[in-house]
Amino acid sequence: MTSLPDRRSSPHPPDSSSRDEGPPTAGVRNRVLAPVLLLVLFALLTWQAAVDGPVRRADERLARTVEGSRLPGGAAEFLADLGNVAVAVPVLLAVAAYAAWRARRAALPRWWLPPLAALAAMALVPALVVPLKEAVGRTGPPGAAGDGYYPSGHTATAAVAYGAAVLLLIPWLRDRYRRRELTIACVLLVAAVGYGLVRRGYHWPLDVAGSWCLGAVLLLGLSAVSRSTRRSSGRTPSPRSGPS
């Protein structure tokens, strides 16, 4: 009688495509639910930024509190400038080139896809922010001219550029503590950019919060692309495949 092969003794891992079949796991549901919740929150923030309601009045009171904080104006200006396209985008370009070089040297399938997706996410920032600014037409803080301040372009630029750079670097970091530290540093940096913008009177807090939601949705999309690329390769990038 022919016996069935024992899967435990097989030298090859089971095909990853077989694991993708069947009902979605909790992880998959969470990855779908997270952007949906962020988009709902963004829609609520956009609505409150467009109407003169209690949330917007509370937002303006919070802005006055932040503007009166003890953070020196020069330091706040420096933090706000980190959201400039001329500062944030070159950082992403450099990291994308490095990640593409590492992946190509490691001979990963579709090595070009995560860096290209990161640049596409960055290109989507003005494509989304500019029409939203025109549609909402929110006036700026006292002393700021004109309207079109929601959402904050500087905040969205910082969130996507620095966040995408971190997502491109993480697969090449062997130490999980370094990955966590890099992620925390990115979150603090993006938060500091938003705080500097409000402190200097360039934006309302609601403008910043809306851009955080928008940037997070774009980064979740980039993360999904990177994850699918690594899964199709059958392995994660090895940090030994090139100089660190």
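Heads up: these notes are all about the structure in this document.

How each quantity is defined
Residues numbered from 1 in each chain as written. Predicted model: local features only at pLDDT ≥ 70, side-chain atom pairs only at ≥ 80, totals over all residues. Heavy atoms only, no water. Axes fitted to C-alpha atoms, helices over the stretch in contact; angles between N-to-C directions. Helix = DSSP H or I, 4+ residues; strand = E, 2+ residues; numbered from the N terminus. Parallel < 35°, antiparallel > 145°, perpendicular 65-115°, else oblique. Contact = heavy atoms within 4.5 Å. Nonpolar A, V, L, I, M, F, W, Y, C, P; charged D, E, K, R; others polar. Phe/Tyr/Trp six-rings, centres within 6.5 Å; stacked < 30°, edge-to-face > 60°. Buried < 20%, exposed > 50% of the residue type's maximum accessible area, 1.4 Å probe, protein only. Patch = residues over 30% accessible without salt bridge, like charges linked within 9 Å, V, L, I, M, F, W, Y side chains within 5 Å. Areas by Shrake-Rupley, 256 points an atom, 1.4 Å probe, with all protein chains shown as cover. Salt bridge = Lys/Arg side-chain N within 4 Å of Asp/Glu carboxyl O.

This part takes up the packing of helix α3 (residues 54-67) against helix α8 (residues 176-199). Any two packed helices are characterised by how steeply their axes cross, that is the angle between the axes, and by the distance between the axes. Axis separation between α3 and α8 bottoms out at 8 Å; the angle between their running directions is 95°. As judged from the angle between their axes, α3 and α8 are roughly perpendicular. Along its contact with α3, which presents Ala63, Val66 and Glu67, the element α8 presents Tyr195, Val198 and Arg199. By residue class, the composition of the contact of α3 with α8 is 4 nonpolar, no polar and 2 charged.

So, about the packing of aromatic side chains. This structure, assessed with the given rule, holds 2 aromatic pairs. Arranged with centres 6.2 Å apart and planes meeting at 20°, the rings of phenylalanine 42 and tyrosine 150 form a pair that is stacked. Of this pair, phenylalanine 42 sits in helix α2 (residues 26-50) while tyrosine 150 sits in the loop between α6 (113-136) and α7 (153-169); the two residues are 108 residues apart in sequence, bridging distant segments of the chain. Under the relative-accessibility criterion, phenylalanine 42 is labelled buried at 10%. Among the residues examined, tyrosine 150 registers a relative accessible area of 0% and is labelled buried. Aromatic pair tyrosine 98 and tryptophan 101: ring centres 6.2 Å apart, planes at 45°, arrangement tilted. Separated by 3 residues within a single helix, tyrosine 98 and tryptophan 101 lie in helix α5 (residues 85-105), roughly one turn from each other. The class of tryptophan 101 is partly exposed, set by a relative accessible area of 40%.

In this section: a nonpolar patch on the surface. There is a patch of nonpolar side chains on the surface, built from Val28, Val32, Leu33, Val36, Leu37, Val40, Leu44, Trp47 and Val51 and spanning about 780 Å² of accessible area. With respect to the element layout, leucine 37 can be found in helix α2.

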